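# Tertiary structure, described
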Amino acid sequence: MAEVKLAAQVRTEFGKGAARRTRRANLVPAVVYGHGAEPVHINLPGHDLMMALKTANVLIGLEIDGKDALVIPKAVQRNALKGNIEHVDLLTVKRGEKVNVEVAVHVEGELAPGGNLLEYVQNTLLVEAEATHIPESVTVSVAGLDAGDSILAKDVPLPKGSVLAGDEDAIVLQVVAAQAEEPAAEAAEGTEG
């Protein structure tokens, strides 16, 4: 996974008013924490951060007061109406360090014929991977699966260097038979004039 570089400014003002001024300047308030260090409150460029966060589990290289920090997003708060980023929590990581992250599950292949439906029980899997080699997603083949079949977390092929961190017996996908609709009863039976 590529590393995205962002320049950060240390935040000295706190509170609602300061956060509003920061957002009006097209900056996003953020906090960097981890490895037992004191949290560092920063401002990040809004557009660059938004573009970086389009990639799931993106690795971000920050420059804070001349020091470099490697971080991954842990929590992103968005405005409920506008959808813009209001605040980000960033977790400090080190090269070679293992981290637990949620990875998207994608499917490929066709189900067995017969009107079956695929139900996602989990859209993501919790995996442990090296911070610099976090997979963007995992792909599962559902080719030929029939009603009643399911795929467990332990059955999902993971990329090299990644291991399952969640419950291995958890159902990720299951195939269900399509429900037949009841024939609609005639609403106006026998209307005679």
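Presented here is a report on the structure given in the accompanying data block. Bear in mind the structure is a predicted one, so any value in this text is a computation, not a measurement. (Residues numbered from 1 in each chain as written. Predicted model: local features only at pLDDT ≥ 70, side-chain atom pairs only at ≥ 80, totals over all residues. Heavy atoms only, no water.)

## Brief notes about the pairing of strand β5 (residues 67–78)
Put simply, the rule is: In this analysis, strands are considered paired if DSSP registers two or more bridges between them. Strands here mean DSSP runs of E at least two residues long; helices mean DSSP runs of H or I at least four residues long; both are numbered from the N terminus.
When strand β4 (residues 59–64) meets β5, the two strands line up antiparallel, connected through 5 bridges. Residue pairing across strands places E63 opposite D68, the latter belonging to β5. Between β4 and β5, which pair antiparallel one after the other, the connecting turn spans 2 residues, and D65 there sits at a positive phi close to 50 degrees. As paired strands, β5 and strand β6 (residues 85–92) are joined by 7 bridges and run antiparallel to one another.

## Considering the pairing of strand β3 (residues 37–45)
Pairing between strand β1 (residues 3–10) and β3: 2 bridges, direction antiparallel. What sits directly across from Q9, in β3, is N43. Here strand β2 (residues 27–34) pairs with β3 via 7 bridges, running antiparallel. The partner of V28 across the bridge, within β3, is L44. Hairpin connection between β2 and β3: a loop of 2 residues separates the two successive antiparallel strands, and H35 in this loop has a positive phi of roughly 55 degrees.

## A short note on the nonpolar core
Condition: Residues grouped as a nonpolar core are buried Ala, Val, Leu, Ile, Met, Phe, Trp, Tyr and Cys residues, joined through side-chain atoms within 4.5 Å. Think of it in three bands: with a 1.4 Å probe and only protein chains considered, a residue is buried below 20% of the maximum accessible area for its type, exposed above 50%, and partly exposed in between. In what follows, residue pairs with any heavy atoms lying within 4.5 Å of each other are defined as contacts.
Within the largest apolar cluster, 24 residues are counted, with the highest numbers of intra-cluster contacts made by I72 and L125. Sorting the residues of this core by element identifies β5, β7 (98–108), β9 (124–130), β10 (137–141) and β13 (171–177) as the ones contributing at least two each. If you tally residues by element for this core, the top one is β7, at 4 residues. In contact with I72, other than residues within four places in its own chain, are V58, L59, D89, L90, L91, V93, V99, V101 and I134. In this structure, L6, A8, I42 and L53 belong to the second largest nonpolar core, which totals 18 residues.

Distances and angles like these do not, on their own, reveal function.
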